[in-house]
Structure formats: structure tokens, C-alpha cells
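Architecture at a glance
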Amino acid sequence: MLKSSCKSRLLAREIFPVLGLGLAFYLAAVALGCGPKMVIRDGRRIPMEVAAKMDFAQAEAKFQLKDWAKSYPEFEHILGTYPESKLADQAFFRMGEIRLNEKNYPEALTLFVEFVRKFPMSDLTRNALIRQALCYHQLGREQETVSILSETRESVDEKERSTLDYILAQGYEKLGRSDQALLFYQKALPYLEGDKADEVRKKGVDIIRNKLSEDELERILNDLIPEYFLAEALIELAHRKIDRQDWKGADKLLADELGSTKAFYRRGEVESFLANIKDWNAANPNRIGLIVPLSGRYQPFGEQALKGVLLAAGVFGGDSPQGGTFQVVIQDAESDPQAATRAVENLVLRDHVLAIVGPLLSPTSEAASRRAEVLKIPLISLSQKEDLTKSRRYVFRLGLTHSQQVESLVAYAMDTLGMRKFAILYPKDSYGEDFIFRFWDEVKKRGGEIRGVEGYDPKSTDFGDQIKALAGISEPNQDEVKLFEKAGIELTPIVDFDAVFIPDSYRNGGLIAPQLAYYGVTDVKILGTGSFNHPDYLRLGKPYVNGTILADGFFRESGRPATREFYQKYQGAYGEDPTLISAQAFDVTRLLITLSRHFGVKDRESLRESLLGVEGFPGATGNIKSSPNGELIRPLFLLTVTGDEFEEIE
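Keep in mind the model is a prediction, meaning the values are calculated, not measured.

1. A short note on the overall build of the protein chain
Check the secondary structure of the protein chain and you find 27 helices and 17 strands. Out of the 650 residues in the protein chain, the part that is buried amounts to 49%. Within the protein chain, counting contacts between residues at least 6 apart in sequence, those at least 24 apart form 62% of the total.

Structure, rendered in C-alpha cells:
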């Protein structure tokens, strides 16, 4: 046998001198292939692998320093110069990683796809597949992402797997497969910490509450990890069944799970929820709930309502009807409809309140009203949202709506002042547009006319073009001016309306009034909304706002006895002036307490019936009566401007 040695180059000549020339050459060639491939480096012949390792080490040092710009061409050089080297696959892989680190995802993807084709047996092939998936994810190609990661995630250690599971969850969520997304989010959670873990928990809760059907939740219930999303899914499923008034189904679901699962996170909450379901209709006749924003941008309005409720409940010296403090359970709904829904559930199922006051905002009021209707608890909203009580048996409202203001204004202008012709000057936003249609309809219904309508940018301070258009004022050319002057003709506006309705803020109202006078639009009444009831309207528009008429839900300087009494008590308790919101909250709370204590209401159903029979309840906002549709109505305060102050029109 020939030894694997370079000495064997001589064997073809020394040992087999008689062999043919062709065979000798063959044996010599075989012998020459036994040694390492040599390359010239710095004038010396060295083995190729040694040269490749030297170059790779230099490139790798730059790579570890994250010097992508210098390391990439060096790895590219290794691949081109030593394509047969054992380091060729590593150099190629590093090129893909550099492009990935540079967030050049299309080129990185091309490199990793080519790597798998070129080096199918490399130890790095599975890693290249994973990085393909990362590129697909960044490029929004989620189908390829989940296809690859589903096959490769098991090949990595647990910590890296959690990262891949998080990406898988995102991919499934974007593909609309929310059930799979939830399962992979919970797989990722054990190795996540801090903000990242909180983010994943929030994502999981959002999927459970908003993206999975009841059937989907029930189908994956057994796959949920008790430490994370099981309790949330159970409570959500119970809520869904309660929505359908399937109280027995909700009870059985929670009882069965509590019996079969030894322990899980938030078990106490689930047990409490189950206990509350059993007596969900029980109500404490001495306790009401309040849902208002007590955080966020609307916090000041929530605090105004809270002060009105606490004053009515007797917190300040037994001021509630028949004395004694009435219990108030407060829930902060911020401006989040979901939070408002949960607040209603907490007040009913946990706190067993007799009724709920609030919310204030339209989105939260709508959400809370839907849940109150399901849970059959009287809810009196303070929102301005129109049609909130429509087709709902348990929802009432004491608020200042646009339609109420328009009805009061038009009735007074037409029935008392005898006006028939109106113009409208409005801001081009949702507030102004809603008002103009309601005003127009009310005038037409009463046989009046709308003579002109002009809109303006709400941020504008110059309303001249709109006023001139309403008054029929056009700019004459120079020839016309000379002709009119020669004939002694004075150009005057054509004011063919009795009043102009301006549904805007006190700021814009105060700026418009002087401009109306400037363009000759005089001897007309300005009609405004409750938002004009502000000292700055008088300051900005003086003296041109004189005679303005507006309708509001509260006037603290009113001569009405109930209003004056409330004003004095509020001032005494808080040392500040009450607002419309605090007055409405006060009235609603006093009404509920009066019905509970004076008329013997003991449960929610009898309270609902009593609310429908309210007639002439004396409130700070007026004498309240109920309508069949759940609206608690009262005559609004009609105000006018006289000199430097607002006065109530008797």
C-alpha cells in the first residue's frame, strides 16, 4: 500500500519503471493530490485553509465590532478567493447577516435563499432558514414567515425560541389567525421581561376580548396556560354568555373550570365572578354607581360630575333627602368604551349598586348603555349623545342635547318674538354641521324660512366673506362705483332675515358679532348655543353681542329657587361656582335617592318603573319630568345679553 505522503511522487518512477508512460503520469497526478492546496500569500506558499482562516479572522473582528461596511467586502473576498474552503459557508452566512443587520431585507433574503441552495448540508442551513423567515416578516410576507418558523422553531434553544414564537404570533395575527397568535404569544411569555412582557400580555388580552368568537375561545380554552390567559378567557367567555342572558351557561363554564384546574393566576377573581353571577340581580337600595373620566384629558369634567354627586349624596353634612350619607361607588372610565363596559359589570356584579350615573362622553355612554341594557340596571347618562335611550328600557339620560337647545331657541324666537326668517352662519365641523340641520328642520317644521346659510373655517378670525354673502353684498367695479356716486346711490346690505344662528364657541361668537355690525348687518338677533354662556363672549363682542339669545341647561344666577339653593350649597362645599355638568350630576343623584328613600324603591326593576313616572321633580337644572323614551327633560334656561351680563328670560 502507498503511504499518504508527498514522497510518493517518486514512486511512479522508482517502483514501476517498466509501466507504461500513461499509467505513470496517472499515478503521479494521484500522488500530487494528496497534499493540501497551496496559495501564494505575501510571497510565500501556504495552505489555502490557513490563508482562508487568516482572512476570516480579520473580517470576523470587524464584524464583531459591527463595522458592516468593511467586513462585508472582506467576507465577499473570502467567498470569491477560497470557494472550496471549509469557511466558505460561514463567510456567505456572515454576508447575509450583515445585510440583515443593515435592515436591507430584500438583499438579505436573497443571500439566505441562495445560501440554502448552495450549502444544503451546512450546519448553518437551519439558521439561514430562520433568517429567511425574519426577512419575510420584515417584508410583510407573513405566510412564508409562519411556514418556515413553524418547522424550525424546535431546533433552537428555549430563549431564542421565545423570540421566534413572538414573531410567529405577530405573523398569525396579521394573517387573521388570532387563535394561533394567542397560543404563540403565551409560548413567548415565559422568557420575556419588563415592558416586552407587558406588551405581550396586553396583546393577548386584546385578542381574547376583541378578535376571537365565542366558539374560538371555547375551542382553545384547554390550550391556554393557567399562568397567563386562562382566567382572562374564562371571564370573557362568561361575559359573552351573559350578553346572551345565558346565566346558567356562564355559571357552568366557570364552575367546571374551577373544579378541573387545580390552580391558576387570578383564580380568586374567577371565583368572585362566579359568586357574583349567582346573585347578579341583587341590589343595595342605598348604593349607586358613578362612571366618569377621572384620568386623562377629560378628568376636569369627571371631577365636576363627582362633586355634584357627592354633594347630593350627603357627604357634606347629611344633605341628601331624609338625611344620611348615600353610598357612591366610583369607576374611572377615562374615555375608553371598553373601560366603561367593564365599569358597568363591576358595579352590577361586584358592587350590586341600585343604579348608575354617567358616563359623560358619547363613546363611553354608548358602550355603558349597551351593557346596562343587558344587565338590566337603570343607567342615567349625562351625555349629549342623541338617541342614546332609543329602544332601550333601562337607559335614561339627563343631558343638554343639540336638539333640545334648537327646539327651545326656535320656539322662543318664533312663538314669542314672532320671527319667521333666519340665516345661519356656522363652523365647518361636526359640531356646526349637526346644529345647522337640526335648526333648519325645526324652523321648517314651524313654518319659518331659512334665507341663507354660510360656513367658515373653525380656525378663522375673519368672517367678512361669509357675512357679505349672507347680506347680498358684492364688490362693485370702479365704473360702477363712479356711477353709483354720481347718482347718489349708497350701497347697503340686503338683510332679509330676523335673526342669525351661530352654533359655535363663545370665542368665535364674540369675534363674529362686531364683524356683523361692521358690514351693516344690524337690527337682527344673534341666536347662540349654550357655549356662548361664558364671560369671554361678553368681553370679545362688547357691545355688539347685546340682545343675543341663547339656550343653556344651567344658569347659576337664575332666580329659580332650586337653582339658587344648589348654587349656595355648592359654593359652601367647594368654594367655587358649579357647572352644567355638576348641576346635572347633582339632580340625577338627588332624584335616585328620593325615589329610593321617599318612594320605597328597593330593586332595579321598580326603580326603572319609577323613573318613567317622574313628573315635576324640582332640580337645579329645572323641573324634571320623564318621557316614554327615557329622556329626562326640563325647560332650558333662555338667556339674553343686557349690557355687561347675561340675564334670564322669564
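This is not the end of the story, as more comes after the structure.
2. Some details on the packing of helix α8 (residues 142–152) against helix α9 (residues 158–174)
Look at α8 against α9: their axes get within 9 Å of each other, and the N-to-C directions meet at 140°. Taken together, the axis directions place α8 and α9 in an arrangement best described as oblique. When the axes of α8 and α9 are compared, the crossing they make is left-handed. Listed contacts from α9 to E142, T145, V146, L149 and S150 of α8 are L164, I167, L168, G171, Y172 and K174. Taken together, the residues of the contact of α8 with α9 break down into 6 nonpolar, 3 polar and 2 charged.

3. A few points about helix α21 (residues 464–471)
Most of α21 is tucked away: 6 of the 8 residues are buried. Of the residues making up α21, those classed as buried are G464, Q466, I467, K468, L470 and A471. The inward-facing, buried residues of α21 abut β8 (421–427), β9 (449–456), β10 (499–502) and α23 (506–518). In the stretch just after α21, G472 is the one whose phi turns positive, near 70°.

4. A few points about the pattern of salt bridges
For side chains of opposite charge, pairing can occur when their charged atoms come near one another. All chains considered together, the criterion is met by 47 salt bridges. A salt bridge links E366 to R370, with the nearest nitrogen and oxygen atoms 3.5 Å apart. Of this pair, E366 and R370 both sit in helix α18 (residues 362–375), 4 residues apart, roughly one helical turn. Classification of R370 as partly exposed rests on a relative accessible area of 47%. Residues joined by salt bridges that share partners form a network here, namely E214, E218, K241, R244 and D246.

5. A short note on helix α4 (residues 68–81)
Taking 1.5 Å per residue, 14 residues should reach 20 Å; α4 reaches 20 Å between its end C-alpha atoms and fits that length. Close packing links the buried residues of α4 with α3 (48–64), α5 (88–101) and α6 (105–118).

6. A closer look at the sheet that holds strand β16 (residues 637–642)
Where strands meet in a sheet, backbone hydrogen bonds hold them as pairs that are either parallel or antiparallel. Spatial ordering of the open sheet is given by β9-β8-β10-β11-β12-β16-β17, a layout of 7 strands whose pairing is mixed. The open sheet is flanked by β9 and β17 (645–648), the only strands paired with a single partner. Strand-to-strand twist of the sheet, defined as the mean angle between neighbouring strand axes without regard to direction, takes the value 25°. As defined by bridge partners, strand β11 (residues 525–528) adjoins strand β12 (residues 549–552) across 2 bridges and the pair is classed as parallel. Residue pairing in the sheet places G528 in a bridge with L550 of β12. The strands that α21 touches are β8, β9 and β10; relative to β9, the one it contacts most, it runs at about 165°.

7. Details of unusual backbone geometry
Trans is the prevailing form of peptide bonds, just as negative phi is the prevailing case for residues other than glycine. Each neighbour pair has its own omega, and for G358 with P359 the value is -5°, a cis peptide bond. Examined against the element boundaries, P359 turns out to sit in the loop between β5 (353–357) and α18. Here the amide bond leading from K542 into P543 is cis, since omega sits at 0°, within 30 degrees of zero. You can see P543 is positioned in the loop between α24 (535–541) and β12. Positive phi, close to 60°, is recorded for K376, a residue that is not glycine. Overall, the relative accessible area of 32% leaves K376 in the partly exposed class. The phi angle at D523 is positive, at roughly 60°, despite the residue not being glycine. Inspection of the secondary structure assignment puts D523 in the loop between α23 and β11.

8. Regarding the pairing of β5
For β5, the buried fraction is high: 5 of the 5 residues fall into the buried class. Both strand β3 (residues 284–292) and β5 contribute to a ladder of 4 bridges, which runs parallel. Bridging across to β5, I288 finds its partner in A355. Two strands pair when backbone bridges link them, and β5 and strand β6 (residues 379–381) are joined in this way by 2 bridges, in the parallel orientation. Residue pairing across strands places I356 opposite L379, the latter belonging to β6. After leaving β5, the chain enters α18 and then returns to the sheet as β6, a path that is right-handed.

9. Topic: the nonpolar core
Among the nonpolar cores identified, the biggest contains 102 residues, and F75, L224, I242, L254 and V344 are the most heavily contacted of them. The biggest single contributor to this core is helix α13 (residues 230–243), with 8 residues. Those residues in contact with L254 that sit more than four places away from it in its chain are L234, A238, V270, F273, L274 and I277. Judged by nonpolar contacts, the second largest core, of 30 residues, contains A305, L306, V309 and A585.

10. Some points on the environment of F586
Assignment of secondary structure puts F586 in helix α26 (residues 580–597). Owing to a relative accessible area of 5%, F586 belongs among the buried residues under this scheme. In this structure, the C-alpha to C-alpha distance between F586 and Y570, residues 16 residues apart in sequence, is 9.7 Å. Not counting chain neighbours up to four residues away, the residues in contact with F586 comprise G308, V309, L311, A312, F566 and A620.

11. Brief notes about the confidence of the model for the protein chain
Considering every residue of the protein chain, the mean pLDDT works out to 87; 90% of them sit at 70 or more. When the criterion is pLDDT under 50, residues 1–33 qualifies, and its contacts beyond four places in sequence or with other chains add up to 11 contacts. A low-confidence stretch, residues 318–322 (pLDDT under 50), is modelled with 18 contacts involving residues beyond four sequence positions or located in other chains.

Calculation criteria
Residues numbered from 1 in each chain as written. Predicted model: local features only at pLDDT ≥ 70, side-chain atom pairs only at ≥ 80, totals over all residues. Heavy atoms only, no water. Helix = DSSP H or I, 4+ residues; strand = E, 2+ residues; numbered from the N terminus. Buried < 20%, exposed > 50% of the residue type's maximum accessible area, 1.4 Å probe, protein only. Contact = heavy atoms within 4.5 Å. Axes fitted to C-alpha atoms, helices over the stretch in contact; angles between N-to-C directions. Parallel < 35°, antiparallel > 145°, perpendicular 65-115°, else oblique. Left-handed = near helix turned anticlockwise from the far one by under 90°. Nonpolar A, V, L, I, M, F, W, Y, C, P; charged D, E, K, R; others polar. Salt bridge = Lys/Arg side-chain N within 4 Å of Asp/Glu carboxyl O. Expected span 1.5 Å × (residues − 1). Pairing = 2+ DSSP bridges. Right-handed = clockwise from strand over helix to strand, strands pointing away. Core = buried A, V, L, I, M, F, W, Y, C linked by side-chain atoms within 4.5 Å. pLDDT = per-residue confidence, 0-100.

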